[in-house]
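One-letter residues, chain by chain:
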Amino acid sequence: MGQIILASASPRRKELLEQIGLEFEICPAKGEEVISKSAPEEVVMELSEQKATEVAAMVKTYESGHGELMTPQDILVIGADTVVACDDTILGKPKDEADAKRMLTLLSGRKHAVYTGVTFVFLDKNGRAGAHTFYEKTEVTMKPLSEPEIDRYVATGEPMDKAGAYGIQGKCAIYIEGIEGDYNNVVGLPVARIYKELQKLGIDPYLW
Ligand SMILES: Cc1cn([C@H]2C[C@H](O)[C@@H](COP(=O)(O)OP(=O)(O)OP(=O)(O)O)O2)c(=O)[nH]c1=O
């Protein structure tokens with residue numbers, strides 16, 4: 001059996017991979033995230049690629065007699081990144097409480113998009129290596145939030161480690177009016193799309 005490595009420190013991504021019954025290890029990327037793009041779908045793909053590539057580079061490899069990169073075990077690294085986009089503004093995780101309030105004020109009463117980029121880096125012991133990146137988009141409509149509601153929500157601490165300063169799966173659920181697309185994509189990992197993309201690559205994660 002090969003090894004699946006989730007290149008993420010996000011507890012939500014871990015829970016989602018556990019939910020679908022995969023066996024995997026966790027090895028978060030630690031490198032600084034470098035953004036050179038401006039469109040949200042390009043930003044999330046650039047960042048998921050950086051995370052998966054960094055972690056894949058830590059995997060022990062050796063050169064075969066023919067100069068190919070080999071690994072003692074099949075390796076599949078999964079990296080992901082999530083941002084929220086509202087009009088032309090991209091929202092990552094808030095820097096502080098004031099930043100969280102700014103983000104929630106922007107999202108209040110509006111429809112916005114949540115983008116998650118996913119990158120697979122795979123390397124098998126027969127020398128087959130490759131990478132594949134894609135993104136999934138979900139639209140979310142938030143109810144109008146009053147200032148006291150924003151203050152109360154920010155005081156819970158929940159927004160601080162989440163893109164767009166909210167967690168659809170948490171206390172913010174009462175303010176979600178509607179969603180178009182994959183809910184799990186908003187939480188941080190589009191598992192249905194991940195399975196579909198792996199199938200396209202001829203990879204069965206349950207037999208990896
Ligand atoms: C919009 C939204 C985001 N989020 C989370 C998902 C991600 O964990 C986080 C976005 O930050 P990311 O930078 O994508 O991920 P991370 O720093 O948490 O983890 P890592 O880089 O190690 O993979 O926001 C929710 O949990 N609920 C939501 O409704």
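About the criteria used
- Residues numbered from 1 in each chain as written.
- Predicted model: local features only at pLDDT ≥ 70, side-chain atom pairs only at ≥ 80, totals over all residues.
- Heavy atoms only, no water.
- UniProt positions renumbered as here; feature names shortened; annotations may be inferred.
- Salt bridge = Lys/Arg side-chain N within 4 Å of Asp/Glu carboxyl O.
- Helix = DSSP H or I, 4+ residues; strand = E, 2+ residues; numbered from the N terminus.
- Buried < 20%, exposed > 50% of the residue type's maximum accessible area, 1.4 Å probe, protein only.

- Going by the annotation in an unreviewed UniProt entry, the name recorded for the protein chain is dTTP/UTP pyrophosphatase, with Roseburia inulinivorans DSM 16841 given as the source organism.
- According to its UniProt record, the protein chain has this under Subcellular location (unreviewed entry): "Cytoplasm".
- Entered under Function (unreviewed entry) in the UniProt record, the comment concerning the protein chain runs "Nucleoside triphosphate pyrophosphatase that hydrolyzes dTTP and UTP. May have a dual role in cell division arrest and in preventing the incorporation of modified nucleotides into cellular nucleic acids."

### Topic: the pattern of salt bridges
Now for step 1: Applying the stated criterion across every chain yields a total of 15 salt bridges.
Now for step 2: Notably, a salt bridge pairs lysine 51 with glutamate 33, separated by 3.8 Å at the nearest N-O pair. Linking lysine 51 in helix H2 (residues 40–56) with glutamate 33 in the loop between strand S2 (25–26) and H2, this pair joins segments that are 18 residues apart in sequence.
Now for step 3: Its relative accessible area of 14% is what places lysine 51 among the buried residues.
Now for step 4: Here aspartate 99 ties to lysine 95 by a salt bridge, and the two come within 3.8 Å at their closest N and O atoms.
Now for step 5: Residue classification places aspartate 99 among the buried positions, given a relative accessible area of 10%.
Now for step 6: In this structure lysine 95 comes out as exposed when scored by relative accessible area, which is 73%.
Now for step 7: Each of Glu136, Arg193, Glu197 and Lys200 takes part in one network of salt bridges that share partners.

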